Amino acid sequence: MTLPDAPSTHALPGPATRVTTEPILRLERVGKTYSTGAVTVEALRGVDLSVEAGEFVSISGPSGSGKSTLMHIIGCLDVPTTGTYRLTGEDVSRMREDQLAEIRNRRIGFVFQQFNLLPTMSAWRNVELPLVYGGVPRAERRQRALEALAKVGLADRVDHRPGELSGGQQQRVSVARALVTDPQLILADEPTGNLDSRSTEDVLNLFSDLHGQGRTIVLITHEADVAARARRATVMRDGVLSAAEGAVA
Amino acid sequence: MTWLETLWTAVDAIRTRRMRSALTMLGILIGIAAVMLTVGLGQGAQQSVAAQIDKLGSNLLIVSAGSTTSLSGLRGGRGSATTLTAADAAMLGDREVAPDIAAVAPSSQTSSTLVGNGTNWTTSVIGSTPSWLSVRARSIASGRFFTTQELNTSEPVVVLGAETASDIFGARGAVGQSVTIGSQPFTVIGVLATVGSTVGGDQDDLAIVPMTTYAASISPSSGTSVSSIYLEARSSARLSAAYQEADNALLTAHGVNATTADFSLNSQQSIVATATTTARTLTVLLAGIAAISLLVGGIGVMNIMLVSVTERIREIGLRKALGATPGAILRQFLTEASLLGVAGGLLGIALGVVGAMVLPSVLRQPVTVSTTAALAALVISLVIGIVAGVYPATRAARLSPIDALRSE
């Protein structure tokens, strides 16, 4: 949904008349089944989701609901068993691994619960990492990494290693890393799961700022108050995605 | 990701784990140094053996007496039989019989004690003819060699090797002094120029007397038999002709054929070939053992790379999530393994070169280190690195980013 005054929030694409551009991501009847020997687990049972450019959407749900599986598919870390997934109009649901790697590199910025910063590298070296795989020249990489760190308020910490930064600062470094490629989608998986309440607030404010700058954000969390910060809240339950009850538009 | 980026990432990873990387390299280092030194030692030995055999004389053929077989079946060594005689030597010296043989020197030898100058010294005492000097390509340092006249009259004269002379007479001149061999006093008439040791033993520690004197007073039991006859061909081109002539003449004279021959005939070349083959076999054996240590070093690299992949599983997951293709991950780990191999190889070559400079003075053996060997060592260490890296790198490349990110 692109308009804040939309009458309702739902997982289906908005009315056709309102869709002037292709949504950033559009999942149609996405299913995912895992088979481990004789046991077959149906993690996703036909998920429909459409996220327009500039939207801030949260996906919450209890553990085992399939939200991690959904995050992996949205993040192009995995492909659906059934259904289609279009990222900016391009069908990525049947792509090969190296094509997916390029999609992840160019279009998606990840923020993880565990930060996943490389401990031996300084903040700016961590931030430039996606650009290394994107084939960006060295000098430009440093420039863009420093700019991204400045955007998250860490201009004075660029040469610090993750171990020398607080948890909140580390998560801000990883937000900078997600921003550095200027991706079409920022995908945050439990970004506040390892943070104290102050740092949580800090990071959530950062997401709100990014949303205010027009970034498209998908936030996966199991915490209701975190989910409530998104402009649209959805809930995963038993492999099915639906709009959150009482969600504000 | 460019190759240079990959290289720097690998260098970073190696630098981060300094101790472990150093220990891994040590395995390759020791292996490369061991291979280089054993091969160098072998090549040095082959060269020195060839050089030593050259000192035996030029265009040389050696006839050795056959071996004896006792009634119990015990076979003596070559030269133990008394099948060669002074008459054989005389026959081979006949221009009619063997036109390509320039000189003949029959020779017998035994170990005996020389007493003189208030001391004694046990050495090889050789009985031969004046032509011995030229056939064996020797020269006189002081005094003179014995003459045909002295040979004919069984004079008690002796020519000493340089070392023998200095062992008995020290710095004093030996020429003109007297030594007792067995119970017979001999006059020292000359001292040979030094040549160093050869495959035939120390060529500077010997005493040489006229063959007739040898038969009369040093080894009376030998009679007219000799243990070997040295033949000198007219030129290196006539060597094989000389060989044929000597072989045919001796077979005819002894009434035997090639299978029942009671003598053996060897050319200098065949001795060189035999000796270098022996040295080469030893080299191959030692280098084989050294190669096993190199293999163990390679397994060390593989082992550490596997540990590294397991340990860095989250890093791999993250890199994949951020856009590293399976190929990029494969290259990263392969580069890391190759780098460990090459770094170990370079250090191994350095150690090998230092060893090649130090070892000769310790072992009294020449060590040859060639550029080819060094380059081969470098290539081998690179190949070991790559081979050892393939399996761990493939495992890393195949990791699913989800599983890798999820692991603790």
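The structure this text deals with has already been given above.
Residues numbered from 1 in each chain as written. Chains lettered and ligands numbered in written order. Predicted model: local features only at pLDDT ≥ 70, side-chain atom pairs only at ≥ 80, totals over all residues.

S.K.: Which residues make up the overall build of chain A, and what values do they have?
M.R.: In terms of helices and strands, chain A carries seven helices and ten strands. Per-residue burial for chain A yields a buried fraction of 47% across its 249 residues. Looking at chain A alone, contacts between residues at least 24 apart form 69% of all its contacts between residues at least 6 apart. (Helix = DSSP H or I, 4+ residues; strand = E, 2+ residues; numbered from the N terminus. Buried ≥ 20, exposed ≤ 12 C-beta atoms within 10 Å, placed from the backbone. Contact = placed C-beta atoms within 7 Å.)

S.K.: Give me the lowdown on the overall build of chain B, citing residues and values where you can.
M.R.: Secondary structure assignment for chain B yields 13 helices and twelve strands. A burial count over chain B gives 44% of its 408 residues as buried. The long-range share in chain B, meaning contacts at least 24 apart out of those at least 6 apart in sequence, stands at 80%.

S.K.: Describe in detail the interface of chain B and chain A, supporting the description with residues and values.
M.R.: Listed by partner, the interface residues are 18 residues for chain B and 20 residues for chain A. Of all the secondary-structure elements, those providing two or more residues to the side of chain B that touches chain A are α1 (3-16), α10 (313-321), α11 (326-363) and α13 (401-406) of chain B. The element contributing the most residues to the side of chain B that touches chain A is α10(B), with five residues. Class assignment of the residues belonging to the side of chain B that touches chain A gives a composition of ten nonpolar, four polar and four charged. (Nonpolar A, V, L, I, M, F, W, Y, C, P; charged D, E, K, R; others polar.)

S.K.: So what about the pairing of strand β7 (residues 184-192) of chain B? Which residues, and what values?
M.R.: Residues and elements named next belong to chain B. As paired strands, strand β4 (residues 140-143) and β7 are joined by three bridges and run antiparallel to one another. Bridge pairing links S142 to V191 in β7. The pairing of strand β6 (residues 178-181) with β7 spans four bridges and is classified as antiparallel. Its bridge partner lying in β7, I181 is registered against Q184. From the end of β6 to the start of β7, which pair antiparallel, there are two residues, and G182 there has a positive phi angle of about 65 degrees. (Pairing = 2+ DSSP bridges.)

S.K.: Residue-level account of the nonpolar core, with values.
M.R.: Proteins that are soluble and globular tend to have nonpolar side chains buried together. Counting residues in each nonpolar core, the largest one holds 121 residues, and the members touching the most others are A:A176 and A:V218. The biggest single contributor to this core is helix α2 (residues 18-54) of chain B, with 14 residues. Contacts of A:V218, omitting those with residues within four sequence positions, involve A:V51, A:V57, A:I59, A:I74, A:L185 and A:L187. In this structure, B:A103, B:W121, B:L133 and B:A174 belong to the second largest nonpolar core, which totals 57 residues. (Core = buried A, V, L, I, M, F, W, Y, C linked by C-beta atoms within 7 Å.)

S.K.: Give me helix α6 (residues 162-169) of chain B: which residues, what numbers.
M.R.: All names here are of chain B. For α6, the tally of buried residues reaches six of eight residues, placing the bulk of the element in the interior. By the burial criterion, the buried members of α6 are A162, E163, T164, A165, I168 and F169. Just downstream of α6, G170 is the residue with a positive phi angle, here 60 degrees.

S.K.: Can you lay out the sheet that holds strand β5 (residues 90-91) of chain A for me, pointing to particular residues and giving the numbers?
M.R.: All names here are of chain A. Across the sheet, which stays open at both edges, the four strands sit in the order β2-β1-β4-β5 with antiparallel pairing between neighbours. Of all the strands in the sheet, the pair left with one neighbour each is β2 (39-51) and β5. As judged from the two bridges shared by strand β4 (residues 82-87) and β5, these two strands associate in the antiparallel manner. Pairing of R86 across the sheet is with D91, part of β5.

S.K.: So what's going on with helix α2 (residues 97-107) of chain A? Which residues, and what values?
M.R.: Those residues of α2(A) that sit buried are A:L100, A:A101, A:R104, A:N105 and A:R107. On its buried face, α2(A) is in contact with β4, β6 (108-111), α3 (123-133) and β7 (185-189) of chain A together with α10 of chain B.

S.K.: Help me get a handle on the environment of B:L7, residues and values and all.
M.R.: Residues and elements named next belong to chain B. For L7, the position within the fold is in helix α1. We classify L7 as partly exposed; it has 16 C-beta atoms within 10 Å. C-alpha of L7 to C-alpha of L334: the two residues are 327 residues apart in sequence and 10.0 Å apart in space.

S.K.: Run through the packing of α3(A) against helix α5 (residues 167-179) of chain A, naming residues and quoting values.
M.R.: Residues and elements named next belong to chain A. Interaxial distance between α3 and α5 falls to 7 Å at its minimum, and their mutual angle equals 30 degrees. Looking at the two axes, α3 sits roughly parallel to α5. The element α3 and its partner α5 pack so that their crossing is right-handed. Residues A123, N126, V127, L129 and P130 of α3 lie in contact with α5, whose contacting residues are V173, A176 and R177. (Axes fitted to C-alpha atoms, helices over the stretch in contact; angles between N-to-C directions. Parallel < 35°, antiparallel > 145°, perpendicular 65-115°, else oblique. Left-handed = near helix turned anticlockwise from the far one by under 90°.)

S.K.: Residues and numbers for the pairing of strand β5 (residues 157-160) of chain B, please.
M.R.: Residues and elements named next belong to chain B. Of the two faces of β5, both are covered, the one formed by V157 and V159 as well as the one formed by V158 and L160. Where β5 lies against β7, four bridges are found, and the strand directions are parallel. Each bridged residue has a counterpart across the sheet, and for L160 the counterpart in β7 is V191. Where β5 meets strand β10 (residues 206-210), two bridges bridge the pair, whose relative direction is antiparallel. Looking at β10, one finds that L160 is bridged to A207.

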